[in-house]
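Spelled out from the first residue to the last, the chains are:
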Amino acid sequence: MRYAILGTGIVGRTVAERLLSLGHEVVIGTRDPATTLARTEPSTTGAPTAPYAEWQEEHLEVELLPFADAARIGEVLVNATGGRVSIDALNAADAGHLDGKVLIDIANPLDFSQGMPPVLDPANTDSLGELIQRTFPGLRVVKTLNTMTAAVMVDPARVPGEHNVFLSGDDESAKKTVRELLHSFGWPEASVLDLGGIRTARGPEMLLPIWIQLMGHLGHADFNFHVQAAHPKA
Ligand code: NAP
């Protein structure tokens, strides 16, 4: 499968490496490849990461392209852009390149503009997953993996014991595609909790405030949520 990952941060790079290890083709989308490759400072948004050019040197098989070219080439798309700018990134990708494609939406709409802790926008009565689906109705949006750190997304065994990953999306076949990908990442069938339509993305996105508090409490990000139910699903 040919994946286009929109986003050059730690999430995009980590997912790209895992997809490559599984034999997939990967391109990465950015606003302007020349600008991204010219950066010499670590990223200041999201988790601090080495300049993209250093990562690129170790992954010469991954082409860095403008968002639109990456989205045109990708058969399955991954949204690993900042949640507050995801609509801008997808607009730059060009709706014509999105139609009919599965978009794995990992982004969280965290607003750091007022400092720490960040706030969520949208939240409560809306979610980024829904906003993307509404704005680009031709996309088949599946929200998943946004409730854990990047390293755990692609290597769940990093956290011992049972723990969960959530799925939200309106398109059942898109969710099946993503579920199979999650299995190939190492997520057992029982760990994947399908919450329902894209409206249910509100819940996983609103887990972010407690996730950030837990990271502060534990002093690291190698943890995840585990739902312990008294009975199997009715
Ligand atoms: P990030 O720093 O949040 O986002 C990087 C990407 O956003 C870059 O590709 C950048 O484009 C793009 N971007 C920034 N401003 C933009 C704008 N105005 N218009 C269009 N695109 C813009 O990267 P990250 O830390 O890897 O996180 C990616 C997403 O995953 C975020 O939504 C985050 O909340 C979510 N997430 C992160 C983690 C984690 O472990 N870090 C865990 C769960 C979920 P350029 O390439 O052009 O600079």
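Residues numbered from 1 in each chain as written. Predicted model: local features only at pLDDT ≥ 70, side-chain atom pairs only at ≥ 80, totals over all residues. Heavy atoms only, no water.

Engineer: Tell me about the overall build of the protein chain, and please be specific about residues and values.
Structural biologist: Helix and strand content of the protein chain: 10 helices and 10 strands. Relative to the compact-globule value of 17 Å for 234 residues, the protein chain shows a C-alpha radius of gyration of 17 Å, a close match. Along the longest, intermediate and shortest principal axes, the C-alpha atoms of the protein chain span 55 × 40 × 35 Å. Across the 234 residues in the protein chain, those meeting the buried criterion constitute 49%. Taken as a whole, the protein chain presents about 11,300 Å² of accessible surface, with 55% of it coming from carbon and sulfur. Between the mean site of the 18 positive side-chain charges and the mean site of the 29 negative ones, the protein chain shows a separation of 5 Å. (Helix = DSSP H or I, 4+ residues; strand = E, 2+ residues; numbered from the N terminus. Rg over C-alpha atoms; globule rule 2.2 N^0.38 Å. Buried < 20%, exposed > 50% of the residue type's maximum accessible area, 1.4 Å probe, protein only. Areas by Shrake-Rupley, 256 points an atom, 1.4 Å probe, with all protein chains shown as cover. Lys, Arg positive; Asp, Glu negative; His and termini not counted. Charge placed at Lys NZ, Arg CZ, Asp CG, Glu CD.)

Engineer: Describe the packing of helix α5 (residues 86-93) against helix α6 (residues 128-135), with residues and values.
Structural biologist: α6 packs onto α5 with a crossing angle of 30 degrees between their chain directions and a minimal axis gap of 11 Å. Taken together, α5 and α6 sit at an angle that is classed as roughly parallel. The two elements α5 and α6 cross, and the hand of that crossing is right-handed. In contact with Ser86, Ile87 and Leu90 of α5, α6 contributes Leu128, Leu131, Ile132 and Thr135. For the contact of α5 with α6, the class distribution of residues is 5 nonpolar, 2 polar and no charged. (Axes fitted to C-alpha atoms, helices over the stretch in contact; angles between N-to-C directions. Parallel < 35°, antiparallel > 145°, perpendicular 65-115°, else oblique. Left-handed = near helix turned anticlockwise from the far one by under 90°. Contact = heavy atoms within 4.5 Å. Nonpolar A, V, L, I, M, F, W, Y, C, P; charged D, E, K, R; others polar.)

Engineer: I'd like a rundown of the environment of aspartate 32, residues and numbers included.
Structural biologist: Residue placement: aspartate 32 occurs in the loop between β2 (25-30) and α2 (33-38). Taking the C-alpha atoms as reference points, aspartate 32 and isoleucine 132, 100 residues apart in sequence, are found 22 Å from one another. Among the polar contacts listed, one links the side chain of aspartate 32 to the side chain of threonine 35, at a separation of 2.3 Å. (Polar contact = N/O pair within 3.5 Å; in protein donor to acceptor, adjacent residues only side chain to side chain.)

Engineer: Break down the packing of aromatic side chains for me, with residues and values.
Structural biologist: Evaluation of the coordinates by the stated rule reveals 2 aromatic pairs. An angle of 45 degrees between the planes, with centres 5.5 Å apart, marks the rings of tyrosine 52 and tryptophan 55 as tilted. Residue tyrosine 52 and its partner tryptophan 55 are located together in helix α3 (residues 52-58), separated by 3 residues, close to a single helical turn. Here tyrosine 52 matches tryptophan 55 in class, with each residue buried. An angle of 25 degrees between the planes, with centres 5.2 Å apart, marks the rings of tryptophan 211 and phenylalanine 223 as stacked. Pair noted here: tryptophan 211 is in helix α10 (residues 208-218) and phenylalanine 223 is in the segment after α10, with a separation of 12 residues, a long-range link. (Phe/Tyr/Trp six-rings, centres within 6.5 Å; stacked < 30°, edge-to-face > 60°.)

No statement about biological role is implied by the geometric values presented.
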